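As a plain string of letters, each chain reads:
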Amino acid sequence: MDPLYKPEGVETRWQETWEAEGLYEAEPDAAGPTFVIAIPPPNVTGELHMGHALNASIQDLLIRWHRMRGFSTLWQPGYDHAGIATQNVVERDLAKEGMTRHDLGREAFVERTWAWLEHYGKVIYSQFRRLGASLDYRRERFTMDEGYVRAVLKYFVHLYDRGLMYRDNRIVNWCPRCASAISDLEVNHTDEDDTLYRIRYPLADGAGHVTIATVRPPTMLADVAVAVHPDDDRYRELVGKEAILPVAERRIPIVADDRVDPEFGTGAVKITPGHDPMDFEIGRTHGLPELTVIGLDGNMNEESGEFAGLEQKEAEKRIVARLEEQGLLESAEPYRHSVGHCDRCGSRIEPLITLQWWCEMTELARPAIDVVKEGRVVFRPERYAKIYLDWMESIRPWCVSRQLWWGHRIPVWYCPDGHLTVVETEPDACAECGSAELTQDEDVMDTWFSSQLWPFATLGWPDDTPELRRWYPNDASSTDRGIIFLWEARMIMAGLELMGEIPFHTVNIHSTINAPDGRRMSKSLGTGIDPMGPIEQFGADATRYGLLKNSSTQDVRFSYGTIEEGRKLANKLWNVSRLILQHAEGVTPEARPRELEERWILARIDATRNEVEEAWGLYEFAPSMSAVYRLVFDDFCDWYAEAVKPRLYERDPDTAATALAALERVLTLLHPVMPHVTEEIWTALPARERRLIVSPWPEPDERFAADAGALDRVQEAAQIFRRSGVEVELSSDDERRIFAAVVRPERARVDGNREAELERLRKEVARGEGMLANERFTRNAPAEVVEAEREKLERYRRELAALEG
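Worth saying up front: this structure is predicted, and the values here are computed from it rather than measured.

What counts and what doesn't
- Residues numbered from 1 in each chain as written.
- Predicted model: local features only at pLDDT ≥ 70, side-chain atom pairs only at ≥ 80, totals over all residues.
- Heavy atoms only, no water.
- Helix = DSSP H or I, 4+ residues; strand = E, 2+ residues; numbered from the N terminus.
- Buried < 20%, exposed > 50% of the residue type's maximum accessible area, 1.4 Å probe, protein only.
- Contact = heavy atoms within 4.5 Å.
- Pairing = 2+ DSSP bridges.
- Axes fitted to C-alpha atoms, helices over the stretch in contact; angles between N-to-C directions.
- Parallel < 35°, antiparallel > 145°, perpendicular 65-115°, else oblique.
- Nonpolar A, V, L, I, M, F, W, Y, C, P; charged D, E, K, R; others polar.
- Salt bridge = Lys/Arg side-chain N within 4 Å of Asp/Glu carboxyl O.

Re the environment of Ile39
Turning to its location among the elements, Ile39 is positioned in the loop between β1 (34–37) and α2 (50–68). Look at Ile39 and you get buried, because its relative accessible area is 2%. In the structure, Ile39 is positioned 38 residues away from Pro77 in sequence and 6.9 Å away in space, judged by C-alpha atoms. For Ile39, the residues in contact, after removing those within four places along its chain, are Gln59, Trp75, Gln76, Pro77, Tyr125, Leu135, Trp454 and Trp487.

Notes on the sheet that holds strand β16 (residues 398–399)
Strand order across the open sheet formed by 4 strands is β6-β5-β14-β16, with antiparallel pairing between neighbours. Where the open sheet ends on each side, the last strands, each with one partner, are β6 (180–182) and β16. Note that strand β5 (residues 165–175) and β6 share 3 bridges and pair antiparallel. Counterpart to Cys175 in the pairing with β6 is Ser180.

Re the packing of helix α10 (residues 362–373) against helix α15 (residues 484–499)
Where α10 meets α15, the closest approach of the two axes is 9 Å, and the angle between their N-to-C directions is 105°. The orientation of α10 relative to α15 falls into the category roughly perpendicular. The segment α10 lies against α15, with Leu364, Ala365, Pro367, Ala368 and Val371 engaging Ile492, Met493, Leu496 and Glu497. The class makeup of the residues in the contact of α10 with α15 is 8 nonpolar, no polar and 1 charged.

Thoughts on the pattern of salt bridges
On inspection of all chains with the given rule, the structure shows 79 salt bridges. Salt-bridge contacts for Lys386 lead to Asp390; the nearest nitrogen and oxygen are separated by 2.8 Å. Remark: Asp390 and Lys386 occur in helix α11 (residues 383–393); sequence separation between them is 4 residues, near one turn of the helix. Its relative accessible area of 56% is what places Lys386 among the exposed residues. Taking relative accessible area as the criterion, Asp390 reaches 39% and is therefore assigned partly exposed. A salt bridge links Glu642 to Arg744, with the shortest nitrogen-to-oxygen separation between them at 3.1 Å. Pair noted here: Glu642 is in helix α20 (residues 622–649) and Arg744 is in the loop between α24 (733–743) and α25 (754–773), with a separation of 102 residues, a long-range link.

Take it as geometry only, folks, not as evidence of what the structure does.
The structure is reproduced here in structure tokens:
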């Protein structure tokens, strides 16, 4: 082994070796239980970001751990086609050439997109390899693969035949820049400053007026009613009357509806079904007309009369001026409110009524609700189950059509008589009238419609394949909370509908990593951090460790501190491994402990094995990183290695054999977290029959459990000495020998003050007892904070007892 650990060379070599030797590969006829992870398929145009790196580190830990435990593991790689995102980047390239997609035509544009992806797409998996992700890269799938496309079309037709897929004019989130509908879940809401106008609508009978409040005067041209809450006494007598719509000069009814918020504005609201989702629902209830005055380009359309062609801001100025002239503008005041923007391009969303394809979700959601309530699918952390259920129990129809050219084209054909033929492959004639003159629907499906089939379409569905029989259901899905509804819920619904079984039993929701200043990571905001940076600087192992250390149940701020901790851990393990190997030539690993510290380290290794198994089984990774660090850095490298060093130098065969056996187990426990450095050291050990990646996970070994706390007094004595210079009286020769070997008190230039240290410890004990006696603290503080105080108090009490003798 080299004197210095150089991560980049070691990591690159092992990434290439593991893959070349087929150690990532999964075979459906392999023996043993299965463990399958449904990886969220990344955007085909995307690159690795910090969330990807964290999730990949979690999933790779789980895959490596299960692989070592004898499971037949599958971590399926692949991409989604990212309809809007991919089309946008190709259109931007065309714009540089002075062209649009319409200049090319649909077929040529799709060919251009495929060519662009060949040159610039699918970058992210080279970055996953650099991280050490052990996916079965042979099995890479793409949602635009021929077989996958067949699965998507089959599901659309299945839903249509079940009466759950239909076409209707309904209000959608329209992005004028992308020129497409997008789902509610792809709209980002941000607070913006606007103006709230109070406008008087004269009553048609001349008996006064009703005042409404709006931030969008241009949309009033499409008002079809005024609504008030039925229990609002201010307006009870107006219900059933009519008002005159200013500027447009139309009569509109005044209706009562309990969805009106009497606290907003004046309590009377304008109803504009064509431009507001809630108004659309109210309009449908009351049978109101559905007018639109804003076009697909976001500007005023022909229905707006004299304002046609104007941008909304210009129309607003003219309408407000007209209202002032007519004495109908009651007030204008600053108003801050939430405004929806397209997740892909950032444009302001326009709620518009358009003809789209919709999927009725209520029936699909019902069994998907039951499996979570019954515990067949569990969320980690558990609180996300309620978030999932709340959304599912109020689920709405899903607009699945998108006005794009890149994606899965909707399998519906129309004849001149308006008949629909809905089939998986292009028909020769209309299914209803036999006409051969057919035109296919121009729209494509929402990308998430195809991604929801990932757990089984990647395994060959709708065909009955060995892979599908072996690996469905999957076991786990790990992701960020942002796609619980976009992906997790829909996978569960699709799996139950098509396969009759849940797609996985566990959904792990990992923390969101924010920028160091607490803001969300974003390239556009300048707060994004490319994970390839810390990988190049500190190594992939250190980066994985640091991200896992930060994977708490809460959102976290990114810090290089935990990654630097990972780098130090790798270096420390490397140096201690070199020490052992240099003094164990010709020795075979075997646990033959004679001394206290040898039995103690073997007990600590087994205790840590048990601790990480419990944590990883519950998808809790941050606490296990602390446990692994304590074992490797503190217990193995600092205490055990220093204590046995004199006997290693003497070439004692039992000491060397036990040290090699202990090192084997430490490497095995650490491998799922830091695979490269552990594999490199493992290879240098004697009598290696297989790679560490496929070596067995340590079996429980309780032979030395009684010695797990054997060094507690020595370690507490060391803490006291290092802090104060005061030596604690130790009772056994072993304790004194180990203390001397590790702490080396003779080298310390200190003059300890026993009485001062006793006084300090007594104050700490009194402080801790006071805090824990305070019911207000124990009741209101987070549980982990209270537990930390209890642990500190116990430590201070032990140190005080040790110092008092």
